[in-house]
Amino acid sequence: RAGRELVAYVASPADSGLTVSAERVPSWARDLSALYFGMAPKAKRTSPRPDVRPMAGVPGAMQQAGARAVGADDSLPSLVIWHGKDPRIQAQQQVQENRDKGFSYLWAYRPAEQRAVALATESVSNVTVVPGDRWAVGNDVRQYERQGNLDGINRRDVWIIDTRTGERKLALSAQEWPAIPSPDGSRLLFFDDGHYWSLAMATGERKNLTGDMPVSFVNTEDDHNRDRPPVFPVGWARGGGSVLLSDRWDVWN
């Protein structure tokens, strides 16, 4: 029944620009309150010009542009164009071409309410539902992506998303290091300004976990071009009541 309701929903005129993606396998929330699935823009049907060899619309075509068989027809032009201000460099676009074609936005369909909620949007497209299914975490890299592909520092804005309503709020700005959800999905563990912090998903309240500790969790042996990189944590303790942190010599709880 949920499947039929979902098909009816996405066929409505209000969402005519999107369709259910076959590239993302649907999955249920643990309590079966929601069905997660992907939505992708509907393919635009166009008739290619007969005098131009199609490139961008053929998966893998850009990688094979220079690998024509001996005797192949070279009378038709092959042209791939990039802009100098593209956020991803040309080689990266080529490697990720097929991934881009299969991309979809994460949605949640709630059968009890007969309502679908967009968890991912064009601005916050990379979204993951955390344990417990109450919240999702989204990353927005748009303003940092181009510089990150030049200097190797992958910054992102981290958003907390309510899986019931789709409402989102900015949690972290220009975050360099991964934000790790607790096992119960109520908090995030993140590293900033030389310390580990926890952030409450519901309220956004932050707590410095290491500010009063007599050791440093900065990895002084890391020689990459990063400002005070962390010694990565061992992880959350079972249940999420505490975290295990390493200073490269001892483990702290």
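Throughout what follows, the structure given in this document is the object of discussion.

Quick notes on the rules
- Residues numbered from 1 in each chain as written.
- Predicted model: local features only at pLDDT ≥ 70, side-chain atom pairs only at ≥ 80, totals over all residues.
- Heavy atoms only, no water.
- 1 Å grid on protein atoms, 1.4 Å probe; cavity = no way out; pocket = protein on both sides within 12 Å on 5 of 7 lines; lining within 4 Å.
- Points joined across faces, edges and corners; volume = space filled by probe spheres on them.
- Helix = DSSP H or I, 4+ residues; strand = E, 2+ residues; numbered from the N terminus.
- Nonpolar A, V, L, I, M, F, W, Y, C, P; charged D, E, K, R; others polar.
- Polar contact = N/O pair within 3.5 Å; in protein donor to acceptor, adjacent residues only side chain to side chain.
- Contact = heavy atoms within 4.5 Å.
- Salt bridge = Lys/Arg side-chain N within 4 Å of Asp/Glu carboxyl O.
- Buried < 20%, exposed > 50% of the residue type's maximum accessible area, 1.4 Å probe, protein only.
- Pairing = 2+ DSSP bridges.

1. A few points about empty space enclosed by the protein
Line of reasoning, step 1. One pass over the structure, following the stated rule, counts one cavity of 30 Å³ or more.
Line of reasoning, step 2. Within this model, the largest cavity holds a volume of roughly 50 Å³.
Line of reasoning, step 3. Looking at the lining of the largest cavity, the element that brings in the most residues is strand S11 (residues 187-192), giving three residues.
Line of reasoning, step 4. Class assignment of the residues belonging to the lining of the largest cavity gives a composition of ten nonpolar, no polar and no charged.

2. As for the side chain of Thr-210
Line of reasoning, step 1. Inspection of the secondary structure puts Thr-210 in the loop between strand S13 (206-208) and strand S14 (235-236).
Line of reasoning, step 2. At 3.0 Å, the side chain of Thr-210 and the side chain of His-195 are in polar contact.
Line of reasoning, step 3. When neighbours within four sequence positions are excluded, Thr-210 is seen to be in contact with His-195, Tyr-196, Phe-217 and Leu-245.

3. Here we look at the layout of surface pockets
Line of reasoning, step 1. By volume, the largest pocket amounts to about 1,100 Å³.
Line of reasoning, step 2. Taken together, 31 residues line the largest pocket, and the ones lying closest to its centre are Arg-88, Arg-99, Asp-100, Ser-125 and Glu-145.
Line of reasoning, step 3. Considering every element that reaches the lining of the largest pocket, the biggest residue donor is helix H3 (residues 97-101), with four residues.
Line of reasoning, step 4. Taken together, the residues of the lining of the largest pocket sort by class into eight nonpolar, eleven polar and twelve charged.

4. Points about the pattern of salt bridges
Line of reasoning, step 1. According to the stated counting rule, one finds seven salt bridges in the structure shown.
Line of reasoning, step 2. Notably, a salt bridge pairs Arg-110 with Glu-113, separated by 3.7 Å at the nearest N-O pair.
Line of reasoning, step 3. Look at Glu-113 and you get partly exposed, because its relative accessible area is 42%.
Line of reasoning, step 4. Residues Glu-176 and Arg-226 are paired through a salt bridge, measuring 3.1 Å at the closest nitrogen-oxygen approach. Of this pair, Glu-176 sits in the loop between strand S9 (168-175) and strand S10 (180-181) while Arg-226 sits in the loop between S13 and S14, and the two are 50 residues apart along the sequence.
Line of reasoning, step 5. What you see here is one network of salt bridges that share partners, running through Arg-110, Glu-113 and Arg-115.

5. Observations regarding the sheet that holds S13
Line of reasoning, step 1. Read from one edge to the other, the open sheet built from four strands follows the order S10-S11-S12-S13, with strand pairing classed as antiparallel. A single partner strand is all that each edge strand has here, and the edge strands are S10 and S13.
Line of reasoning, step 2. In this sheet, S13 lies alongside strand S12 (residues 195-200) in antiparallel orientation, the contact comprising three bridges. Bridge pairing links Leu-199 to Arg-206 in S13.

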